Amino acid sequence: MSDEISAVELAAELTAAWLANPNTRTSADDVPAFLISMHAAVAKLSGATAPDNAEELASTYEPAVTARKSLSSPHHIVSMIDGKPYKTLRRHLATNGMTPDEYRARYNLKSDYPMVAPSYSEARRTMAKSIGLGRKPGQKGAKPADEAPKAARKPRPAKTAEEA
């Protein structure tokens, strides 16, 4: 029991020191979660078992839709978090505090699972090519293969002294 009390005290002291740092910017809502994680880390280091966290219980996430259904349309990708369609998932994931890799890991998706709808990606690609992105400076755009080279101009005959 004394180990448990000392782990709690140590976790509280470490959390207080972390909050006292002027470079730490956090909201009041984040403090309990940090204290719980600090207690778990101290308990793990001391050899005591930490209480089960809500995060450990919620480690299995149920997707709103299947992976196949999320990619069924070329115009949008359906989020597995809320089941809503998005052209790109990056901003949606950022608002939920996730990265694309964390999203893929949470729902056991392959590493090549797209984050952008195919039609949106193609539209952005076409626009970028039309304004010349992706070329080196001074490099001109490639001519289409079906366009024939312009015919060479015939040289004008030189003027004679009588014509001048």
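As a reminder, the structure under discussion sits directly above these lines.
Just so you know, these numbers come straight off a predicted model, no measurement behind them.

Student: Break down the overall build of the protein for me, citing the residues and quoting the values.
Tutor: The secondary structure content of the protein amounts to seven helices and two strands. Counting helices and strands in the order they occur from the N terminus, the protein gives α-α-α-α-β-β-α-α-α. Split into buried and exposed, the 164 residues of the protein put 18% on the buried side. A fraction of 41% describes how many contacts in the protein between residues 6 or more apart in sequence connect residues 24 or more apart. Carbon and sulfur atoms make up 56% of the accessible area of the protein, which totals about 13400 Å².

Student: Describe the nonpolar core, naming the residues involved and giving the relevant values.
Tutor: Counting residues in each nonpolar core, the largest one holds 13 residues, and the members touching the most others are Met80, Leu89, Leu93, Tyr103, Leu109, Tyr113 and Met115. Contacts of Tyr103, omitting those with residues within four sequence positions, involve Val78, Ser79, Met80, Ile81, Leu89, Leu93, Met98, Leu109, Tyr113 and Met115.

Student: Go over the side chain of His92 with me, naming the residues and quoting the values.
Tutor: Summarising the element assignment, His92 is placed in helix H5 (residues 90-95). At 2.9 Å, the side chain of His92 and the side chain of Ser79 are in polar contact. With residues near it in sequence (within four places) discarded, His92 still touches Ser79, Ile81, Asp82 and Tyr86.

Calculation rules
- Residues numbered from 1 in each chain as written.
- Predicted model: local features only at pLDDT ≥ 70, side-chain atom pairs only at ≥ 80, totals over all residues.
- Heavy atoms only, no water.
- Helix = DSSP H or I, 4+ residues; strand = E, 2+ residues; numbered from the N terminus.
- Buried < 20%, exposed > 50% of the residue type's maximum accessible area, 1.4 Å probe, protein only.
- Contact = heavy atoms within 4.5 Å.
- Areas by Shrake-Rupley, 256 points an atom, 1.4 Å probe, with all protein chains shown as cover.
- Core = buried A, V, L, I, M, F, W, Y, C linked by side-chain atoms within 4.5 Å.
- Polar contact = N/O pair within 3.5 Å; in protein donor to acceptor, adjacent residues only side chain to side chain.

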